[in-house]
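Close look at the chain arrangement
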Amino acid sequence: PDLTFVLAVLALALASIFIPVVNESPLRVLFALPVMLFIPGYVFIAALFPEAGHETDAGSVDEATNPADTAAAIEAERGGIDGIERVALSFGTSIAIVPLIGLVLNFTPWGIRLIPIVVSLSGFTVGTAYVAARRRLALPPQTRLTVPYRDWVRAARSELFDPDDRRDAALNVLMVCSIL
């Protein structure tokens, strides 16, 4: 479902770029920014880490080992990356992938123009999403990544609209203002 959602956002971005009336509206920026800043990295990370991340019990790893062995043992127990790591890596890899695609386009006859950028970024995203979906389907169902959308929406709604105290409410207002 998450890869389908990502491809739907990509389709909306393509529509907002190429439909004449819409491409002059703020919808173009609204849909194009995630395609440049998040989605290429997300599908890349999904292809690299198709399994779900698991939180570890801190007491399950022997504290007597050195820190490098402890980190390796924790990663071996987890078997994947969790949601926060996935999101952070998605932004980071997108910020690396998109300029690399632009750099490659710069040395082609097409250059860095709208159509070549859109085609190559879309091709990368669709191709990598396909690889990610194939890798996920190869895993046993209990180890596949599933995104808990309902839990996230419920938690975000309660955090934004029902803050614990005035400080949290002020931080929510500040966060919304900084995003805008």
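Residues numbered from 1 in each chain as written. Predicted model: local features only at pLDDT ≥ 70, side-chain atom pairs only at ≥ 80, totals over all residues. Heavy atoms only, no water.

Describing the overall build of the protein chain
From N to C terminus, the protein chain includes eight helices and zero strands. Helices and strands appear in the protein chain in the N-to-C order α-α-α-α-α-α-α-α. When burial is assessed residue by residue, the protein chain has 27% of its 180 residues classed as buried. Summarising the internal contacts of the protein chain: among those between residues at least 6 apart in sequence, 71% fall at separations of at least 24. Just so you have it, the protein chain exposes about 11,900 Å², and 71% of that area is on carbon and sulfur atoms. (Helix = DSSP H or I, 4+ residues; strand = E, 2+ residues; numbered from the N terminus. Buried < 20%, exposed > 50% of the residue type's maximum accessible area, 1.4 Å probe, protein only. Contact = heavy atoms within 4.5 Å. Areas by Shrake-Rupley, 256 points an atom, 1.4 Å probe, with all protein chains shown as cover.)

A look at the confidence of the model for the protein chain
Per-residue confidence for the protein chain gives a mean pLDDT of 81; residues scoring 70 or more make up 84%. The secondary structure element of the protein chain with the lowest average pLDDT is helix α4 (residues 67-78), at 44, and the one with the highest is helix α6 (residues 114-137), at 94. Note on residues 55-64: pLDDT is under 50 here. Beyond four places in sequence and across chains, it has eleven contacts. Here residues 67-78 is modelled with pLDDT under 50, and outside its nearest four sequence neighbours on either side it reaches 14 contacts, counting other chains as well. (pLDDT = per-residue confidence, 0-100.)

Looking at the packing of aromatic side chains
The final tally for this structure, using the stated rule, is three aromatic pairs. Pairwise contacts between aromatic rings join Phe-38, Tyr-42 and Phe-91 into one cluster. (Phe/Tyr/Trp six-rings, centres within 6.5 Å; stacked < 30°, edge-to-face > 60°.)

What to know about the environment of Gly-102
For Gly-102, the position within the fold is in helix α5 (residues 83-106). Sequence separation between Gly-102 and Ser-120 is 18 residues, and the spatial gap between their C-alpha atoms is 8.9 Å.

Here's the deal with a nonpolar patch on the surface
A cluster of nonpolar side chains, contributed by Val-29, Leu-33, Met-36, Leu-37, Val-87, Phe-91 and Ile-95, occupies part of the molecular surface with about 590 Å² of accessible area. Of all the secondary structure elements, the ones that give two or more residues to the nonpolar patch are α2 (27-37) and α5. If one sorts the elements of the nonpolar patch by residue count, α2 sits on top with four residues. The residue Val-29 is located in helix α2 in this model. (Patch = residues over 30% accessible without salt bridge, like charges linked within 9 Å, V, L, I, M, F, W, Y side chains within 5 Å. Salt bridge = Lys/Arg side-chain N within 4 Å of Asp/Glu carboxyl O.)

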